[in-house]
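Observations on the three-dimensional arrangement
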Amino acid sequence: MNYTGTIYRPPMEAQSLLLQVTTGCSHNKCAFCYMYHDIPFAVSPMEEVLADIDEAARLWPGVERVFLENGDAFCLSAERLKQIAEAIHAKLPKVNTIAMYASIQNIKGKTDEELQMLHELGINDLNIGVESGLDAALERLNKGHTSEEAIYELNRLKKARIEYCLNIILGGAGADLVHENAEASARLINAVQPPILFMGTLHTDPGCSLHRDMKSGAFPECTFGQLLDEQEELISLLELDNTYYFGLHPSNIIPMQGMLPRDKDAMIQAIHEMRDHLKGQLDKYPVRGSEGAILL
Ligand code: SF4
């Protein structure tokens, strides 16, 4: 199999065949992201993709799920994704889902008919970094989309019956916009009713612009107390019909998961307990380990 640079995948894709169809990220400008700093964006040659599918068919003929690499493989044209999906189904007949990372801009670049066609080809479970519902935060993070655009494009996906995991970053607006970020993100989440809500906490690696801004004080980082306040307010404001909340990323203060609305009270209770546990440290800044893990 051909792989270039570091290969990333969401936790849910641990059992998937990872098939490289692009390298890097077509946006590669998010202020907190350093994942592809050393890899220019490129589309993999189709011969290389087809050869990898042939190899996978020999090594893993019963695979049921494929994750297309890398940072935003949904940037590929609908026609190219169609060719890749058809080749996968021809050689790997048990595959029922073809997932990948996607951005709001990637969805915008496709018509309703194209989204429908991609759904029919088994493309599903997109992993989308929306990060916040607050435009001021989206600007600070340099995401390249607004909150209204995110709501509009995610609702187009829903119309095409393409499911997705919506990623939100706690603390992504900074310490001066904790309340505003919670309120705006809850509004966005309620408006789109995501099947899966992935919650992480802002962390940066040396080298990215947000890391420099945090060090210089230009971006005011959240304390433990502010992160817990933002999480509690956001969860309290959620009005969801049936969403799986995945908050097990190591960057989170409290590892938690559950179904919303069913587990809402238990989640808020867990936040209260952590606030008690961290009494005396609430005005401190989290110390980070690998992958942004909060070291308590
Ligand atoms: S966060 Fe995602 S979209 Fe943004 S630069 Fe990194 S890989 Fe690209």
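Residues numbered from 1 in each chain as written. Predicted model: local features only at pLDDT ≥ 70, side-chain atom pairs only at ≥ 80, totals over all residues. Heavy atoms only, no water.

Below, the discussion takes up the overall build of the protein chain. If you tally the helices and strands in the protein chain, you get 10 helices and 10 strands. Counting over 296 residues, the protein chain shows a buried share of 53%. For the protein chain, long-range pairs separated by at least 24 residues make up 77% of all intrachain contacts whose partners lie at least 6 apart in sequence. Of the accessible surface of the protein chain, which amounts to about 13100 Å², a share of 51% is contributed by carbon and sulfur atoms. Both charge centroids of the protein chain, one from 25 positive and one from 42 negative side chains, sit 2 Å from each other. (Helix = DSSP H or I, 4+ residues; strand = E, 2+ residues; numbered from the N terminus. Buried < 20%, exposed > 50% of the residue type's maximum accessible area, 1.4 Å probe, protein only. Contact = heavy atoms within 4.5 Å. Areas by Shrake-Rupley, 256 points an atom, 1.4 Å probe, with all protein chains shown as cover. Lys, Arg positive; Asp, Glu negative; His and termini not counted. Charge placed at Lys NZ, Arg CZ, Asp CG, Glu CD.)

Right, let's get into the sheet that holds strand β1 (residues 17-20). The eight strands are arranged β1-β4-β5-β6-β7-β8-β9-β10 in an open sheet whose pairing can be described as mixed. Lying at the two open borders of the sheet, with one neighbouring strand each, are β1 and β10 (256-260). Within the sheet, the average angular offset between the axes of one strand and its neighbour, ignoring direction, is 20 degrees. Relative to strand β8 (residues 196-201), strand β7 (residues 164-170) runs parallel, the two sharing six bridges. Considered in β8, the bridge of L170 is made with T201. On top of the sheet, helix α6 (residues 147-159) reaches β6 (123-131) and β7; it is set at about 170 degrees to β6, its chief contact. (Pairing = 2+ DSSP bridges. Axes fitted to C-alpha atoms, helices over the stretch in contact; angles between N-to-C directions.)

Turning our eyes to something else, we now look at the site of the ligand. Taken together, the neighbourhood of the ligand is formed by C25, N28, K29, C30, F32, C33, Y36 and K143. A molecule is said to occupy a pocket when more than half its atoms come within 2 Å of that pocket's grid points, and by this definition the ligand occupies the largest pocket. Among the residues making up the shell around the ligand, the classes are represented as five nonpolar, one polar and two charged. (Near = heavy atom within 4 Å. 1 Å grid on protein atoms, 1.4 Å probe; cavity = no way out; pocket = protein on both sides within 12 Å on 5 of 7 lines; lining within 4 Å. Sits in = over half its atoms within 2 Å of the grid points. Nonpolar A, V, L, I, M, F, W, Y, C, P; charged D, E, K, R; others polar.)

Okay, the pairing of strand β9 (residues 243-247) next. Where a strand is regular, its side chains alternate between the two sheet faces. Of all five residues making up β9, four are buried, and the element is well covered by its neighbours. One ladder, built from three bridges, connects β8 with β9; its direction is parallel. In the strand pairing of β9, I196 is matched with Y244. Bridge count between β9 and β10: five bridges; the pairing is antiparallel.

Attention shifts here to the packing of helix α1 (residues 46-59) against helix α2 (residues 78-91). α2 packs onto α1 with a crossing angle of 20 degrees between their chain directions and a minimal axis gap of 9 Å. Compared by their axis directions, α1 and α2 come out roughly parallel. The handedness of the crossing between α1 and α2 comes out as right-handed. Residue-level inspection shows M46, V49, L50, I53, D54 and A57 of α1 in contact with α2, the latter providing R80, Q83, I84, A87, I88 and K91. Counted by class, the contact of α1 with α2 contains eight nonpolar, one polar and three charged residues. (Parallel < 35°, antiparallel > 145°, perpendicular 65-115°, else oblique. Left-handed = near helix turned anticlockwise from the far one by under 90°.)

Here the focus is the packing of α6 against helix α7 (residues 178-192). Axis separation between α6 and α7 bottoms out at 9 Å; the angle between their running directions is 20 degrees. When the interaxial angle is binned, α6 and α7 end up roughly parallel. In terms of crossing hand, the pair formed by α6 and α7 is right-handed. Of the residues in α7, those in contact with S147, A150, I151, L154, N155 and K158 of α6 are L188, A191 and V192. Tallied by class, the residues present in the contact of α6 with α7 amount to six nonpolar, two polar and one charged.

Reported here for the largest pocket is a volume of approximately 1200 Å³. For the largest pocket, the lining is made up of 42 residues, of which F32, C33, M35, Y101 and N167 are closest to its centre. Elements represented by at least two residues in the lining of the largest pocket include exactly β5 (97-102), α3 (104-108), β6, β7 and β8. Ranked by residue count, the leading element in the lining of the largest pocket is β6, at four residues. Split into classes, the residues belonging to the lining of the largest pocket amount to 19 nonpolar, 16 polar and seven charged. Looking at the second largest pocket, its volume works out to about 220 Å³. By residue class, the composition of the lining of the second largest pocket is five nonpolar, three polar and three charged. (Points joined across faces, edges and corners; volume = space filled by probe spheres on them.)

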